[in-house]
Amino acid sequence: MVDSGNASAPKPSSSVKLVLLGEAAVGKSSLVLRFVNNAFQENKEPTIGAAFLTQKTALPTRTIKFEIWDTAGQERFASLAPMYYRNAQSALVVYDLTKPTSLIKAKHWVAELQRQASPGIVIALVGNKLDLTKGAGGEAAALPAEEEGVEGEGEGEGDGDARKITTQEGRSYAEEEGLLFFETSAKSGVNVQEVFTAIANAIPETQMKTSRQGAGGGAGGGTQAALGSDRVNLTGGKGEAKEGCAC
Amino acid sequence: MDEIAPEYDVVVLGTGLTECVLSGVMSVKGKKVLHIDRNDHYGGEAASVNIESLFKKYGNYTQGTEPWKKYGRVNDWNIDLVPKLLMSNGELTNILVSTDVTRYLEFKQIAGSYVQQGNGPRATVAKVPSDASEALRSPLMGLFEKRRAKKFLEWVGAFKEDDPATYNGLDLNRISMREVYEKFGLEATTRDFIGHSMALYQTDEYINEKGAAKETVQRIRLYVNSMARYGKSPYIYPLYGLGELPQGFARLSAIYGGTYMLNTNIDEISYNGKEVAGIKATMKERSDDPDGMKFETKTKTIIGDPSYFPGKVHVVGHLLKAICILTHPVPNTDNSDSAQLIIPQSQVGRKHDIYIAIVSSAHNVCPKGYYIAIVSTIAEGSANHHLELQPGFDRLGKIEERFMGPAIPLYEPLESGNRDRIFISKSYDATSHFETTTDDVRNIYLRAAGEELVVDGLRGENLVAQE
Ligand SMILES: Cc1cc2nc3c(=O)[nH]c(=O)nc-3n(C[C@@H](O)[C@H](O)[C@H](O)COP(=O)(O)OP(=O)(O)OC[C@H]3O[C@@H](n4cnc5c(N)ncnc54)[C@H](O)[C@@H]3O)c2cc1C
Ligand SMILES: Nc1nc2c(ncn2[C@@H]2O[C@H](COP(=O)(O)OP(=O)(O)OP(=O)(O)O)[C@@H](O)[C@H]2O)c(=O)[nH]1
Ligand SMILES: [Mg+2]
């Protein structure tokens with residue numbers, strides 16, 4: 001849907017590595033499934049089986065190809081490898097609006113990213129499962145802080161409000177830490193596309209060219225030229241970096 | 001979901017490369033794997049560390065000083081603890097490609113492969129000729145010897161194991177390499193660089209071994225074909241260091257359902273009769289629980305590195321290793337940003353070769369302007385180990401910083417594991433590449449899974465979901 005074929009004059013396209021973080025079952029994989037396939041599964045199994053997914057987002061002047069890495073469960077016992085963060089230009093830190101512990105976990109991940117990831121990484125904090133909260137049909141729910149207020153006491157089942165974390169709480173934390181902030185529903189699709197578009201827009205154009213090979217970690221600008229040569233593509237005999245044909 | 005299952009098909013201890021490849025392969029094959037490491041990082045002895053950790057590991061500084069500060073950002077450094085390179089046509093490369101772990105890693109060529117001839121002030125360092133035409137240009141040989149070497153390399157290049165016509169009348173399954181060298185009339189110095197910098201033997205034992213000729217020819221072919229693949233050297237190397245390799249395979253394992261627990265001690269291994277039955281372990285303090293999290297789980301198979309089984313392994317040798325930081329390329333390597341330099345044992349009056357592996361900022365393992373050279377060999381004496389490495393240091397020019405610990409014991413398991421179903425890997429040996437590591441992987445897989453490991457087509461269909 002995003003990728004309407006403007007075949008005649010392709011816009012510059014670049015890859016952006018995006019990593020997912022958040023407590024188990026907050027909806028990380030569901031958000032990606034919504035973004036990539038525009039689909040939702042009611043009882044999604046814990047993630048296994050995908051190295052990463054890719055999806056393009058078209059901006060006015062360029063096309064961004066997200067390369068989305070799931071944790072593959074390695075975060076469960078705090079055993080994520082540094083390779084996971086390596087050269088990530090963006091991160092989606094997800095919590096569940098109906099589960100207070102999940103925001104605490106999300107804060108932990110933000111701190112971890114600030115410690116481990118490339119300094120320029122764009123982080124979006126996302127409160128998911130907005131459909132379970134009151135007044136969250138399909139309208140643009142997230143951004144304005146107005147409809148916060150009522151703390152969802154009890155189970156909230158009666159009026160369908162299971163919200164345990166106010167919009168204000170998420171937002172002010174995000175503002176303190178300089179994160180993008182959205183409330184989403186992978187189930188209804190509300191705000192999902194918006195999160196990815198906002199991330200794409202927030203990544204400076206200068207960061208792009210290097211895509212995942214050059215960015216971050218290493219010794220900055222100078223390395224890029226050096227990196228260009230001698231890189232080998234193991235899957236195809238002689239050749240260029242595999243991003244060469246990002247089609 | 002945050003729970004540990006009551007039973008796993010395989011428990012893997014240690015996250016070195018051997019263990020991670022096995023864990024990944026087992027998971028892809030549908031086994032339920034629990035993978036534990038006592039350290040809080042992946043890689044064990046095959047990790048890459050930053051410069052501050054390196055100073056601290058070797059204790060190379062006076063308390064209260066912070067000498068690593070003059071080397072730029074500590075995290076720009078990823079210094080390998082194990083000096084190895086990948087053969088671009090080798091088995092590890094094959095496994096990486098077959099499992100799609102190449103998705104997570106970027107590789108670069110090592111810029112050159114060099115060998116030393118002679119000793120002391122008269123030593124020359126030259127490129128290892130990798131084909132017949134390079135042999136003709138090599139300063140390592142005189143005019144007539146060049147032609148003989150060319151003939152030899154042409155023959156090796158055309159050799160096909162299943163075509164006796166290519167054996168050149170030599171019964172390679174029976175004869176020794178000496179007889180082959182004699183047939184081609186090759187001189188001792190030529191034999192030296194062929195055997196040590198192409199066939200990559202660490203000692204001269206192969207020369208007289210009956211029936212070893214075919215293996216030698218195949219090793220040379222691996223070198224030549226690896227060389228032919230990308231052009232500059234037969235070696236490739238992952239950006240950010242070798243520590244990326246175990247992490248890549250760990251991710252593969254996790255994607256197929258493997259459970260990972262770092263920072264976790266094994267408290268007890270329980271047996272049912274002679275066979276392993278389970279483990280008790282403690283995940284060290286997680287923030288919410290100062291005593292750590294104790295757990296136990298059953299398993300009928302354990303795979304682990306020697307450090308987890310001090311009573312089930314023995315020492316087969318000692319590795320000497322010095323990590324050197326330089327601010328210039330290694331002299332006589334054409335200003336290469338990376339290289340392998342081999343000093344064959346006989347050139348310096350030893351029994352084991354000395355290896356120098358050099359990488360640099362081109363591989364994102366250090367800031368611009370720095371080079372990391374690791375000099376290593378097998379210990380031949382019990383003291384003065386720095387003297388054994390001296391011929392290697394002599395090649396490096398000015399050394400900014402040198403990290404060298406005591407001799408490192410190399411372990412091998414005492415038993416095959418068939419009795420207790422505990423399959424123990426070997427230590428990384430002194431070879432300059434991973435071919436022996438992948439032999440160990442295949443061997444352990446055969447013993448533990450009861451079948452040959454076939455890596456071709458291992459990647460699951462859904463491994464890489466596309467848009
Ligand atoms: C190329 C290369 C390969 C090597 N291969 C090996 C190898 O395969 N095995 C190996 O042991 N060493 C190997 N070593 C090196 C090695 O001897 C280490 O110096 C040693 O393991 C100590 O590691 P450490 O200093 O990180 O200490 P630690 O990892 O803290 O371990 C210290 C010692 O305590 C023991 N130990 C710690 N925790 C446990 C536990 N929970 N259960 C049982 N024992 C425990 C281990 O036996 C270890 O030797 C290798 C070194 C190199 C360079
Ligand atoms: N109501 C509602 N349910 C959701 C939403 N997003 C995800 N879920 C459900 O929450 C459960 C967990 O979703 P996943 O996408 O698997 O969560 P995850 O964070 O990837 O979980 P792990 O991979 O186990 O860490 C599934 O049952 C989803 O159907 C949402 O926006 N609204
Ligand atoms: Mg998931």
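Everything numeric in this text was worked out from a predicted model, so none of it was measured.

Asker: Explain the sheet that holds strand β7 (residues 107-109) of chain B to me, and be specific about the residues and the numbers.
Answerer: On the basis of which strands lie adjacent, the open sheet formed by four strands has the order β7(A)-β7(B)-β10(B)-β6(B) and antiparallel pairing. Edge positions in the sheet fall to β7 (231-232) of chain A together with β6 (86-87) of chain B, since each has one partner strand and no second. The pairing of β7 of chain A with β7 of chain B spans two bridges and is classified as antiparallel. Within the sheet, the bridge partner assigned to R231 of chain A lies in β7 of chain B and is K108 of chain B.

Asker: Account for the domain arrangement of chain B, naming residues and giving values.
Answerer: Residue and element names in this part refer to chain B. Split by domain assignment, chain B resolves into domain 1 (7-46 + 244-312 + 413-466), domain 2 (58-101 + 315-410) and domain 3 (126-230). Taken over C-alpha atoms, the centre of domain 1 sits 27 Å from the centre of domain 2. When domain 1 packs against domain 2, the two sides together hide about 2,300 Å² of surface, and 66% of this comes from carbon and sulfur. Linking domain 1 with domain 2 are two salt bridges. Here E91 ties to R442 by a salt bridge, and the two come within 2.4 Å at their closest N and O atoms.

Asker: Could you give an account of the site of ligand 1, naming the residues involved and the relevant values?
Answerer: Residue and element names in this part refer to chain B. By nearness alone, 14 residues border ligand 1, and R38, P306, S307, I408 and S427 come closest of all. The backbone of S307 places a nitrogen or oxygen atom 3.1 Å from a nitrogen atom of ligand 1. With respect to ligand 1, the side chain of S427 contributes an N or O atom lying 3.0 Å from an oxygen atom. Considered on its own, ligand 1 offers 910 Å² of accessible surface; in the complex 65% of this is hidden by protein. For the shell around ligand 1, the secondary-structure elements that each account for two or more residues are β16 (313-326) and β21 (408-413). A total of three residues in the shell around ligand 1 trace back to one element, the largest contributor, which is β21. In terms of residue class, the shell around ligand 1 is made up of eight nonpolar, three polar and three charged. Looking at which domains feed residues into the shell around ligand 1, each of domain 1 (7-46 + 244-312 + 413-466) and domain 2 (58-101 + 315-410) supplies at least three.

Asker: For the side chain of E401 of chain B, give the residues involved together with the corresponding values.
Answerer: Residue and element names in this part refer to chain B. Looking at where E401 falls in the secondary structure, it is placed in strand β20 (residues 401-404). Here E401 is buried and forms no salt bridge, its nearest opposite-charge partner K70 lying at an N-O distance of 4.1 Å. Excluding its chain neighbours within four sequence positions, the residues that come into contact with E401 are F55, K70, Y71, I323, C324 and I325.

Asker: Help me get a handle on the packing of helix α1 (residues 28-37) of chain A against helix α5 (residues 192-202) of chain A, residues and values and all.
Answerer: Between two packed helices, the angle of one axis relative to the other and the distance separating the axes together describe the packing. Residues and elements named next belong to chain A. Here α1 crosses α5 at 85°, and the two axes come no closer than 9 Å. Judged by the inter-axis angle, α1 sits roughly perpendicular to α5. Residue-level contacts link L31, R34 and F35 of α1 to V192, Q193 and F196 of α5. For the contact of α1 with α5, the class distribution of residues is four nonpolar, one polar and one charged.

Asker: Break down the pairing of strand β3 (residues 63-69) of chain A for me, citing the residues and quoting the values.
Answerer: Residue and element names in this part refer to chain A. Among the seven residues in β3, seven count as buried, and that is most of the element. With burial as the criterion, each face of β3 is covered, one bearing T63, K65, E67 and W69 and the other bearing I64, F66 and I68. Relative to β3, strand β1 (residues 13-22) is paired through seven bridges, and the arrangement is parallel. Looking at the pairing, S13 lines up with T63 of β3. Here strand β2 (residues 52-58) runs beside β3; their pairing, made up of seven bridges, is antiparallel. By the bridge assignment for β3, A58 is matched with T63.

Asker: Which residues make up the pattern of salt bridges, and what values go with them?
Answerer: Residue and element names in this part refer to chain B. Going through the model one piece at a time under the given rule, you end up with 27 salt bridges over all chains. R148 serves as the salt-bridge partner of E187, at 3.5 Å between the closest nitrogen and oxygen. Residue E187 is found in the loop between α6 (177-184) and α7 (188-198), and its partner R148 is found in helix α5 (residues 143-158); the two are separated by 39 residues along the sequence. The partner of R419 in a salt bridge is E415, with the nearest N and O atoms 3.1 Å apart. On the accessibility criterion, E415 (39% relative accessible area) is partly exposed. Through salt bridges that share partners, E145, R148 and E187 make up one connected network.

Asker: So, the side chain of T377 of chain B: which residues are in play, and what are the values?
Answerer: Residue and element names in this part refer to chain B. In this fold, T377 is placed in strand β19 (residues 371-378). Looking at T377, the relative accessible area reads 1%, which means it is buried. Reaching out from T377, the side chain makes a polar contact with the side chain of R350 at a distance of 3.0 Å. Setting aside its immediate chain neighbours within four residues, T377 contacts H318, L319, L320, R350, H352, D353, I354 and L389.

Asker: Which residues make up the packing of aromatic side chains, and what values go with them?
Answerer: Within this structure, the stated rule accounts for 22 aromatic pairs over all chains. Pairing F159 of chain B with Y167 of chain B gives two aromatic rings, centres 4.9 Å apart and planes at 50°, and the pair type is tilted. As far as the burial class goes, F159 of chain B and Y167 of chain B line up, both buried. What links up through ring pairs into an aromatic cluster is the set F55, Y58, Y61, W68, Y71, W77, Y370 and F403 of chain B. Between the NZ or CZ atom of R86 of chain A and the centre of the ring of Y240 of chain B, over which it lies, the distance is 4.3 Å. The positively charged end of R402 of chain B is found above the aromatic ring belonging to F393 of chain B, 4.2 Å away from the centroid.

Rules used throughout
- Residues numbered from 1 in each chain as written.
- Chains lettered and ligands numbered in written order.
- Predicted model: local features only at pLDDT ≥ 70, side-chain atom pairs only at ≥ 80, totals over all residues.
- Heavy atoms only, no water.
- Pairing = 2+ DSSP bridges.
- Helix = DSSP H or I, 4+ residues; strand = E, 2+ residues; numbered from the N terminus.
- Domains from an automatic or database assignment.
- Buried area = accessible area lost by both parts, 1.4 Å probe.
- Salt bridge = Lys/Arg side-chain N within 4 Å of Asp/Glu carboxyl O.
- Near = heavy atom within 4 Å.
- Polar contact = N/O pair within 3.5 Å; in protein donor to acceptor, adjacent residues only side chain to side chain.
- Areas by Shrake-Rupley, 256 points an atom, 1.4 Å probe, with all protein chains shown as cover.
- Nonpolar A, V, L, I, M, F, W, Y, C, P; charged D, E, K, R; others polar.
- Buried < 20%, exposed > 50% of the residue type's maximum accessible area, 1.4 Å probe, protein only.
- Lys, Arg positive; Asp, Glu negative; His and termini not counted.
- Contact = heavy atoms within 4.5 Å.
- Axes fitted to C-alpha atoms, helices over the stretch in contact; angles between N-to-C directions.
- Parallel < 35°, antiparallel > 145°, perpendicular 65-115°, else oblique.
- Phe/Tyr/Trp six-rings, centres within 6.5 Å; stacked < 30°, edge-to-face > 60°.
- Lys NZ or Arg CZ within 6 Å of the ring centre and 35° of its normal.

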